[in-house]
Amino acid sequence: MSDSGSEGRTLAELAKRRGFFFPSNGVYGGTAGFYTYGPEGAALKRHLEDAWRDRFTVREGNQEIEAPTVMPEAVFEASGHLDGFDDMLVECAECGESHRADHLIEDNTKIEDAEALPIAEVEELIREHELVCPSCGTALAGEPVEEFNLMFETTIGPGSGQQGYMRPETAQGIFVEFPQLAEYARNKLPFGVTQIGPAYRNEISPRKGVIRVREFTQAELEQFVDPERDEPDLSRVSDVEVTLYPIENQREEGTEYVSTTIGEAVEEGLIASEWVAYYLGIAQEWYERVGVDMDRFRFRQHLPGERAHYASDCWDAESELDGDWVEIAGFAYRGDYDLSKHAEHADEEFTVFEQYDEPIHTERATVDPDMSYLGPEFGGKAGEIADALATLAERDRAAFEEDVVTVEVEGESHEIPTGTTGFAVEEVTESGEHVTPHVVEPSFGVGRTLYTLVAHAYREDEVDGEERSYLSLAPEMAPTTVGVFPLMDRDGMGEHAREIAGDLRGTGLEVAYDDSGNIGRRYRRQDEVGTPFCVTVDYETEADGTVTLRDRDSTDQIRVPIAQLAALLTDLRDGSRSFESVRDGYEELSEPESNPAE
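Because the structure is a prediction, the values reported are computed rather than measured. (Residues numbered from 1 in each chain as written. Predicted model: local features only at pLDDT ≥ 70, side-chain atom pairs only at ≥ 80, totals over all residues. Heavy atoms only, no water.)

*Asks:* Kindly report on the sheet that holds strand β28 (residues 557-561), identifying the contributing residues and their values.
*Replies:* Strand order across the open sheet formed by six strands is β25-β24-β26-β27-β28-β29, with mixed pairing between neighbours. At either margin of the open sheet sits one strand with a lone partner, and together these are β25 (511-513) and β29 (587-588). Pairing geometry for strand β27 (residues 546-551) and β28, over five bridges, is antiparallel. Across the sheet, the residue bridging to V547 is V560, located in β28. The sheet contacts of helix α17 (residues 519-528) involve β24 (482-486), β25, β26 (533-537), β27 and β28, and relative to β24 the element is tilted by about 170°. (Pairing = 2+ DSSP bridges. Helix = DSSP H or I, 4+ residues; strand = E, 2+ residues; numbered from the N terminus. Contact = heavy atoms within 4.5 Å. Axes fitted to C-alpha atoms, helices over the stretch in contact; angles between N-to-C directions.)

*Asks:* Kindly report on the nonpolar core, identifying the contributing residues and their values.
*Replies:* Ranked by size, the top nonpolar core spans 62 residues in total, and within it Y287, F299, F331 and F444 carry the most contacts. Those residues within four positions of F331 in sequence are excluded, and the remaining contacts are V276, Y279, L280, A283, F299, D313, C314, W315, A317, E441, P442 and F444. With 29 residues, the next largest nonpolar core counts V537, L549, L565 and L568 among its residues. (Core = buried A, V, L, I, M, F, W, Y, C linked by side-chain atoms within 4.5 Å. Buried < 20%, exposed > 50% of the residue type's maximum accessible area, 1.4 Å probe, protein only.)

*Asks:* Mind laying out the packing of helix α16 (residues 493-506) against helix α19 (residues 562-574), listing which residues take part and the relevant values?
*Replies:* Viewed as axis vectors pointing N to C, α16 and α19 meet at an angle of 40°, and their least axial separation amounts to 10 Å. By the criterion of interaxial angle, the relationship of α16 to α19 is oblique. For the crossing formed where α16 meets α19, the hand is right-handed. Residues H496, I500 and L504 of α16 lie in contact with α19, whose contacting residues are I562, L565, A566 and L569. When the residues that make up the contact of α16 with α19 are grouped by side-chain class, the tally is six nonpolar, one polar and no charged. (Parallel < 35°, antiparallel > 145°, perpendicular 65-115°, else oblique. Left-handed = near helix turned anticlockwise from the far one by under 90°. Nonpolar A, V, L, I, M, F, W, Y, C, P; charged D, E, K, R; others polar.)

*Asks:* Hey, could you go over helix α15 (residues 446-457) for me, with residue numbers and the actual values?
*Replies:* When the terminal C-alpha atoms of α15 are compared, their 16 Å separation across twelve residues agrees well with the 16 Å that a helix rising 1.5 Å per residue should span. Summarising burial for α15: twelve of the twelve residues are buried, a large majority. Every buried residue of α15 is listed here: V446, G447, R448, T449, L450, Y451, T452, L453, V454, A455, H456 and A457. (Expected span 1.5 Å × (residues − 1).)

*Asks:* Tell me about the pattern of salt bridges, and please be specific about residues and values.
*Replies:* Per the counting criterion, the structure on display carries 42 salt bridges. In this structure, E203 and R100 form a salt bridge, with 3.6 Å as the shortest nitrogen-oxygen distance. Here the residue E203 occupies a position in the loop between β10 (191-200) and β11 (215-225), and R100 occupies one in strand β6 (residues 98-100), the gap between them amounting to 103 residues. The same class applies to E203 and to R100, which are both buried. Measuring nitrogen to oxygen at the nearest pair gives 3.4 Å for the salt bridge that ties R229 to E354. (Salt bridge = Lys/Arg side-chain N within 4 Å of Asp/Glu carboxyl O.)

*Asks:* Please give an account of a negative patch on the surface that cites residues and values.
*Replies:* A surface patch of negative charge is lined by D239, E241, E264, E267, E268, E285 and E288. Of all the secondary-structure elements, those providing two or more residues to the negative patch are α10 (262-267) and α11 (274-290). Counting through the fold element by element, E241 comes out in strand β12 (residues 241-245). (Patch = residues over 30% accessible without salt bridge, like charges linked within 9 Å, V, L, I, M, F, W, Y side chains within 5 Å. Areas by Shrake-Rupley, 256 points an atom, 1.4 Å probe, with all protein chains shown as cover. Lys, Arg positive; Asp, Glu negative; His and termini not counted. Charge placed at Lys NZ, Arg CZ, Asp CG, Glu CD.)

*Asks:* Tell me about the pairing of β11, and please be specific about residues and values.
*Replies:* Within a regular strand, the side chains alternate between the two sheet faces. Burial analysis of β11 places ten of its eleven residues in the buried class, the great majority of the element. For β10 and β11, the ladder comprises ten bridges, and the chain directions are antiparallel. When the bridges of β11 are listed, V193 appears paired with E222. Note that β11 and strand β21 (residues 438-445) share six bridges and pair antiparallel. Following the sheet pairing, Q223 is matched in β21 by V440.

If you want it as structure tokens, here you go:
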């Protein structure tokens with residue numbers, strides 16, 4: 001698997017053959033960008049989502065919601081997706097195929113992150129490098145590069161109905177419900193809201209299996225904070241070691257990554273936002289837990305050209321797959337952009353009222369204009385002039401010390417007698433203030449993380465003179481915890497094995513029962529889908545009430561009393577014990593089991 005692309009081909013074949021994932025709608029010719037997760041993949045995906053929920057929802061004390069996947073046009077007009085959610089498309093004049101222009105550049109040159117380049121520069125690079133259509137080989141130089149909005153359109157209701165879109169991210173479902181969610185959080189900042197669910201992007205050129213698809217699952221957390229008051233507890237992650245790829249290192253050819261801790265990175269200013277740093281530390285520990293190879297993992301800081309205009313700091317978690325670095329999560333400090341935009345468009349309060357520790361006594365300048373004067377004097381502009389007077393009073397009280405006050409409306413100056421403005425300075429007591437929270441967003445791609453786990457877990461070795469391929473998945477993640485086999489389906493061993501399998505399922509363990517073929521082949525089948533443990537019922541089982549327990553990675557085997565089996569497997573799955581730690585307490589078999597009839 002050393003040549004470029006070999007890892008991807010091997011995993012694609014394994015994924016389809018063993019039921020992890022495969023292209024959808026194959027009987028109708030397939031639909032590009034859509035994948036079906038088979039029995040093994042659906043189980044792995046479910047375990048991955050459960051592990052994410054455990055870490056980012058439960059342990060962080062956050063709320064979780066499930067919002068609709070179809071939302072009205074007004075949501076995306078407010079969020080900016082209607083105008084700014086585009087990719088660069090270039091169409092072949094010969095065959096009519098459309099391609100992502102930035103991907104063509106990245107695939108055929110040494111240029112990285114072409115997505116951040118302006119369209120004119122992308123067109124020039126296509127001409128300069130003489131790029132051709134991947135489908136038919138026709139030169140693309142001179143073809144226009146255009147912006148293509150990635151959202152799927154739909155209609156809500158019959159007939160022309162209401163214009164709607166399939167959500168391109170789960171975040172908007174959280175933002176638009178903020179007023180209600182803030183009430184559930186008792187209007188106390190900080191608080192976080194998570195959501196796991198599908199999102200849709202009409203990709204120009206889906207590719208690399210489940211890496212770039214048109215329907216995918218996101219796991220997102222929106223952390224709402226008061227930027228002036230709220231700080232994360234960095235002590236929880238300050239010693240977490242991370243590999244960083246900051247902007248400066250990306251710009252200097254040959255510069256290495258920065259190996260540091262979260263605490264040091266914040267202290268040295270490598271990570272600008274403490275909240276982003278906190279979640280990088282949490283994510284680092286979580287990725288290790290679920291089985292990402294940390295030698296093939298990094299956090300890369302967004303270059304200025306690729307960072308969203310509302311994000312003051314943004315980092316991607318990236319995994320190395322088949323020689324390429326692939327984004328599997330993003331961590332952004334989004335400021336108050338999202339809530340302010342929805343407040344502006346929805347005419348609703350997207351704030352939290354924060355009580356002061358002690359009431360504040362202050363003076364406030366106000367106006368109460370005499371509209372019986374402003375109306376006849378200024379006609380239709382009277383309301384705007386009244387608003388301008390109120391703004392001026394807040395900004396410059398001294399302007400009301402003269403007999404006449406001057407305000408500007410639509411570029412025209414107007415003089416108003418001070419006596420008609422109702423200007424006054426009054427003492428007020430403020431018990432708190434309305435705050436528009438800022439948002440910190442860790443956003444995880446579930447499908448890309450799943451692919452990373454499979455790729456990083458893939459192993460090849462030799463057992464008893466035979467080549468073996470297996471997935472060294474963390475027991476918590478594995479689609480199946482244990483395979484249960486009879487050595488042979490005779491002399492009562494099959495019935496006993498089926499009974500044990502049923503009892504283990506009753507304790508919540510995920511069990512595969514298999515009595516087909518050679519015992520060694522059954523082991524190999526389970527190894528290839530990542531099942532960490534196998535239990536075999538043999539002739540000794542009836543005599544002494546024990547079974548053989550086999551470890552996937554080492555292929556070591558021990559004899560375990562059936563009465564202890566469920567508790568031991570549960571501990572092994574949950575990670576509270578390892579096979580190595582329990583091996584010494586049981587009889588270890590020096591030779592692999594064999595089938596005497598074979």
